[in-house]
Amino acid sequence: MSGVRPGDTLSAEPVDVSSADPLLDAARPVLDEAATRLSGTDVSLLLVDHECRMVSRVAFGTTVERALDRIGAAPGVPFAEDAVGTNALGTPAETRGGIAINSSEHYLEQLKSVSCFGQPIIHPATRRLAGIICMTEVADRINPLAVPLV
């Protein structure tokens, strides 16, 4: 697994994600609408670019916000499979399909407090991966309603 071990941690050195500004601009209306609909639900939407670097994190409750802070999930942090193993931000980039990763299914021990559903964002004209959007919650299993919502 590219030298990744379960006890490893997320990169503490965020990288520059300013090249993902067009993705963030396109996603902003979706994130704004989600903020209205998901207010107070204690879930979060995470957005990564085509290289699986976190671009945005929108939390709708304090429990999930604190959990993401503890994990170190912040803009600029890489989530590619070769950096952190199985996760709902990097794995959809590899499979080009949506995937639910429940707490114990994460490869890194550090991520096992959250469950997630990640869906790739495919550019409609080029059919290339533009990014991944992921719903995250502090739970043993992701709420099944996350799949159609994402």
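Scroll up for the structure.
The paragraphs below set out a description of the structure included in this document. The shown structure was predicted, so the numbers you read here are calculated from the model rather than taken from an experiment. (Residues numbered from 1 in each chain as written. Predicted model: local features only at pLDDT ≥ 70, side-chain atom pairs only at ≥ 80, totals over all residues. Heavy atoms only, no water.)

Some words on the layout of surface pockets
Taken as a whole, the largest pocket spans an internal volume of roughly 340 Å³. Around the largest pocket, the lining comprises 16 residues; the ones closest to its centre are Ala27, Val30, Ile121, Ile133 and Val150. Looking at the lining of the largest pocket element by element, the count peaks at nine residues for helix 1 (residues 21-38). Within the lining of the largest pocket, the residues separate by chemical class into 14 nonpolar, no polar and two charged. (1 Å grid on protein atoms, 1.4 Å probe; cavity = no way out; pocket = protein on both sides within 12 Å on 5 of 7 lines; lining within 4 Å. Points joined across faces, edges and corners; volume = space filled by probe spheres on them. Helix = DSSP H or I, 4+ residues; strand = E, 2+ residues; numbered from the N terminus. Nonpolar A, V, L, I, M, F, W, Y, C, P; charged D, E, K, R; others polar.)

Some words on empty space enclosed by the protein
Applying the stated rule across the entire model yields one cavity of 30 Å³ or more. Lining the largest cavity are 13 residues, and of these Leu46, Phe79, Leu89, Leu111 and Cys116 lie nearest its centre. For the lining of the largest cavity, the per-class residue count stands at ten nonpolar, three polar and no charged.

Considering the nonpolar core
Grouped together as the largest cluster of nonpolar side chains are 26 residues, with contacts concentrated most on Leu10, Met54, Phe79, Leu89 and Ile132. Going through the elements one at a time, strand 1 (43-49), helix 2 (62-71) and strand 5 (129-137) are the ones with two or more residues in this core. Per-element tally for this core: the top contributor is helix 2, with four residues. Dropping the residues within four chain positions of it, Phe79 is found in contact with Leu10, Cys52, Met54, Ala73, Val84, Asn87, Leu89 and Gly90. Counting 17 residues, the second largest nonpolar core, distinct from the first, contains Leu31, Val43, Ile142 and Ala146. (Core = buried A, V, L, I, M, F, W, Y, C linked by side-chain atoms within 4.5 Å. Buried < 20%, exposed > 50% of the residue type's maximum accessible area, 1.4 Å probe, protein only. Contact = heavy atoms within 4.5 Å.)

Let's talk about unusual backbone geometry
Of note, Arg96 is a non-glycine position whose phi angle comes to about 60°, a positive value. Secondary-structure assignment places Arg96 in the loop between helix 4 (91-95) and strand 3 (99-101). Overall, Arg96 belongs to the partly exposed group, its relative accessible area being 48%.

Let's talk about the side chain of Asp49
Note that Asp49 resides in strand 1. Judged by its relative accessible area of 1%, Asp49 is buried. A polar contact of 2.9 Å, which involves the side chain of Asp49, links it to the backbone nitrogen of Glu51. When sequence neighbours within four positions are dropped, the list of residues in contact with Asp49 reads Ala20, Leu23, Val55, Ala130, Gly131 and Ile132. (Polar contact = N/O pair within 3.5 Å; in protein donor to acceptor, adjacent residues only side chain to side chain.)

Some remarks on the environment of Gly98
Turning to its location among the elements, Gly98 is positioned in the loop between helix 4 and strand 3. Take Gly98: its relative accessible area is 40%, and that puts it in the partly exposed class. C-alpha of Gly98 to C-alpha of Gly118: the two residues are 20 residues apart in sequence and 5.5 Å apart in space. Apart from the residues within four sequence positions on either side, Gly98 is in contact with Phe117, Gly118, Gln119 and Pro120.

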